[in-house]
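Observations on chain architecture
Residue strings, one per chain:
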Amino acid sequence: MEPSDFSCRRCRITDIWELADQKRALLWPTGELPIDVEKIIECQLRLDIDWVHGLLQEADVDAFLKSDLTGFIVDYDSYMNDKFENRRRFSYAHELGHYFLHEDIYREMKFESPEEWKHFVMDIPDREYVAFEFQANEFAGRFLVPKPILEIEIDKAIDVLIGEGLSDILIKNADVVSPYIAAYVHKKFGVSKDVIERRIEREGLWPRK
Amino acid sequence: MFGAYVKEKRLGRGITLREFSKIINYDPSNWSKIERGTLSPPQDDEKLTRIAEALNIEYRSHEWQQFIDEAKISAGMIPDDIVSDEQVVKSLPLFFRTVRSDKPTEEELDTLIKILKRER
């Protein structure tokens, strides 16, 4: 395959969400939050996690799925640091997205040498690369933040807002409510506030229709 | 092989590498190398006993003796340090989780190859 032929199969966003829901139900049946993706990867899927030094600092990469699909390589320093727990969780879920959504691409790609691999990666069209990443991000967000639970948490956050006498904001400045909701609920899912804001926006959960 | 054996026991107990490394007080990067067979397992009895306990292997049992024997045998079977291009290629990614959400530069790709040769 030539890099110019390397294209991301377009699919409906709802298909990606449905796949994330199915995989979560299968791999994390207790539904306990936050989801321990590391446990799913190692103990359920039996994929390896190899910790290497210098990945982030020297190459600006903090995790990736190995091309032989046997596991993930992660940056030792950031992945050992609990400060990065939320990013770590999202990174794992993102890589799982590639694992489930783009497995056929990985299986098709065969490189003879690191040099051949490098030139191929350099020549992947940006628009295709972005499409692959977008799909993996959508998978990760939905996998870590189940929609029905997010809806309940949004209701709770709105109740708090009303309880604090801020009902006016809900009517006059609905667009500033999402960051408030995100700050209120993100810890439950073990993700960043940005991830929650994106889920709210992507799934059209606020403002209410 | 000692590495494959302990990894199977660990995963059978539902313990991640991070959790296990904490329990046995071992660097996870080194422990993952031991499980992959690229680093020699510890040889002193105190450390081996701690690992055996974490894996729920009964002290002085037949399995315990087998565990100790595997550790001693594996110590002499570590492959040389030279990592082949074929091994590196198997580990290289198609997509990268980067801080700036962009493809790495050519220089960063070269560095990534170097790191994998060094760390595998």
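All values reported here derive from a predicted model rather than from experimental measurement.

Cut-off values and rules
- Counting of residues starts from 1 at the beginning of each chain's written sequence and follows it residue by residue.
- Naming scheme: in the order in which they are written, chains are lettered from A and ligands are numbered from 1.
- Two thresholds apply to this predicted model, a pLDDT of at least 70 for residue-level local features and 80 or more for giving and counting side-chain atom pairs, whereas whole-chain, interface and lining totals are computed over all residues.
- As a rule here, side-chain values come from all non-hydrogen atoms in the structure, and water together with hydrogens is ignored.
- Note on conventions: DSSP H or I runs of at least 4 residues are helices, E runs of at least 2 residues are strands, and numbering of each starts at the N terminus.
- Radius of gyration: over C-alpha atoms. The globule rule applied is 2.2 Å multiplied by the number of residues raised to the 0.38 power.
- When accessible area is computed with a 1.4 Å probe and restricted to protein chains, residues below 20% of their type maximum are described as buried, those above 50% as exposed, and intermediate ones as partly exposed.
- Pairs of residues are marked as contacts when any of their non-hydrogen atoms sit within 4.5 Å.
- What a helix should span is 1.5 Å times the count of its residues minus one.
- Two axes are fitted around each residue, one to the seven residues ending there and one to the seven starting there, and the angle between them is reported as the bend at that residue.
- Nonpolar cores were defined as sets of buried Ala, Val, Leu, Ile, Met, Phe, Trp, Tyr and Cys residues, with membership established by side-chain atoms within 4.5 Å.
- What gets called buried area is simply the loss in accessible area from a 1.4 Å probe that two parts show on being joined, summed for both.
- We define a salt bridge as a contact between a side-chain nitrogen of Lys or Arg and a carboxyl oxygen of Asp or Glu at a distance within 4 Å.
- As used in this structure description, the phrase polar contact means that two N or O atoms lie within 3.5 Å; if the pair is within protein, one of them must be able to donate a hydrogen and the other to accept it, and residues adjacent in sequence are counted only when both atoms belong to side chains.
- Residue polarity follows a fixed list, in which Ala, Val, Leu, Ile, Met, Phe, Trp, Tyr, Cys and Pro are nonpolar, Asp, Glu, Lys and Arg are charged, and the others, Gly among them, are polar.
- For two strands to be treated as a pair, DSSP must find no fewer than two bridges joining them.
- Only C-alpha atoms enter the line fits that serve as axes; for helices the fit covers just the stretch in contact. Angles between N-to-C directions range over 0 to 180 degrees.
- Orientation labels follow simple angle bins: below 35 degrees gives roughly parallel, above 145 gives roughly antiparallel, 65 to 115 gives roughly perpendicular, and whatever is left gives oblique.
- Crossing handedness is defined as follows: a turn of the near helix away from the far one that is anticlockwise and smaller than a right angle gives a left-handed crossing, while the clockwise case is right-handed.
- The domain boundaries here were taken from an automatic or database domain assignment.

Further remarks concern the overall build of chain B. Per the secondary structure count, chain B includes seven helices and one strand. Here the C-alpha radius of gyration of chain B, 17 Å, is well above what a compact globule of 120 residues would show, namely 14 Å. Oriented by its inertia axes, the alpha-carbon framework of chain B measures out at about 55 × 30 × 20 Å. Evaluated residue by residue, chain B yields a buried proportion of 48% over its 120 residues. For chain B, restricting intrachain contacts to residue pairs at least 6 apart in sequence, the fraction spanning at least 24 positions comes to 60%.

What follows is about helix H11 (residues 177-189) of chain A. All names here are of chain A. Taking 1.5 Å per residue as the helical rise, H11 with its 13 residues ought to reach 18 Å, and the 19 Å between its terminal C-alpha atoms agrees with that figure. In the structure, H11 departs most strongly from a straight axis at Ala183, where the bend amounts to approximately 35 degrees. Residues of H11 that are buried include every one of Val177, Ser178, Ile181, Ala182, Val185, His186 and Phe189, and no others. On its buried side, H11 packs onto helix H5 (85-101), helix H8 (126-144), helix H9 (147-163), helix H10 (167-172) and helix H12 (193-202). At the C-terminal side of H11, Gly190 shows a positive phi close to 65 degrees.

Counting residues in each nonpolar core, the largest one holds 96 residues, and the members touching the most others are Trp31(B) and Phe67(B). The contact partners of Phe67(B), leaving out residues within four places of it in the chain, are Phe2(B), Tyr5(B), Val6(B), Leu48(B), Ile51(B), Ala52(B), Leu55(B) and Ile57(B).

On to the interface of chain B and chain A. Between chain B and chain A, the contact holds 46 residues from the first and 58 residues from the second. Buried area between chain B and chain A, summed over both chains or domains, comes out near 4700 Å², and the portion from carbon and sulfur atoms is 57%. Here chain B and chain A share 10 salt bridges between them. Among the salt bridges present, the one from Arg118(B) reaches Glu58(A), with a minimum N-O distance of 3.3 Å. At the junction of chain B with chain A, the criterion picks out 24 residue pairs in polar contact (both at pLDDT 80 or more). Looking at the side of chain B that touches chain A, the elements that each hand over two or more residues are helix H1 (2-12), helix H2 (17-24), helix H3 (28-36), helix H6 (85-91), strand E1 (97-98) and helix H7 (106-119) of chain B. In terms of residue class, the side of chain B that touches chain A is built from 18 nonpolar, nine polar and 19 charged. Where strand E2 (residues 61-65) of chain A meets E1(B), two bridges bridge the pair, whose relative direction is antiparallel. Across the sheet, Ala63(A) pairs through a bridge with Arg97(B), a residue of E1(B).

Moving on, we come to the packing of helix H4 (residues 45-54) of chain B against helix H5 (residues 62-75) of chain B. All names here are of chain B. At their nearest, the axes of H4 and H5 sit 11 Å apart, and the two run at 125 degrees to each other. Judged on the interaxial angle alone, H5 and H4 are oblique. When the axes of H4 and H5 are compared, the crossing they make is right-handed. Between H4, through Asp45, Leu48, Thr49, Ile51 and Ala52, and H5, the contact on the second element is made entirely by Trp64, Phe67, Ile68, Ala71 and Lys72.

The next subject is the domain arrangement of chain B. It is common to give the size of an interface as the accessible area that goes away when the parts come together. Taken domain by domain, chain B consists of domain 1 (2-79) and domain 2 (85-117). Computed from C-alpha atoms alone, the centre-to-centre distance between domain 1 of chain B and domain 2 of chain B is 30 Å.

What follows concerns the sheet that holds strand E3 (residues 71-75) of chain A. Strand order across the open sheet formed by four strands is E1(A)-E3(A)-E2(A)-E1(B), with mixed pairing between neighbours. Either end of the sheet is taken by a strand with one partner, and the two such strands are strand E1 (48-52) of chain A together with E1 of chain B. Looking at chain direction, E1(A) and E3(A) are connected through five bridges and run parallel. Residue pairing for E3(A): Asp48(A) is matched across the bridge by Gly71(A).

In this structure, Pro34(A) follows Leu33(A) across a cis peptide bond, with omega equal to -10 degrees. Along the chain, the position of Pro34(A) falls in the loop between helix H1 (13-27) and helix H2 (37-44). Its identity as a non-glycine residue notwithstanding, Arg60(B) has a phi of 65 degrees, on the positive side. Here Arg60(B) is to be found in the loop between H4 and H5.

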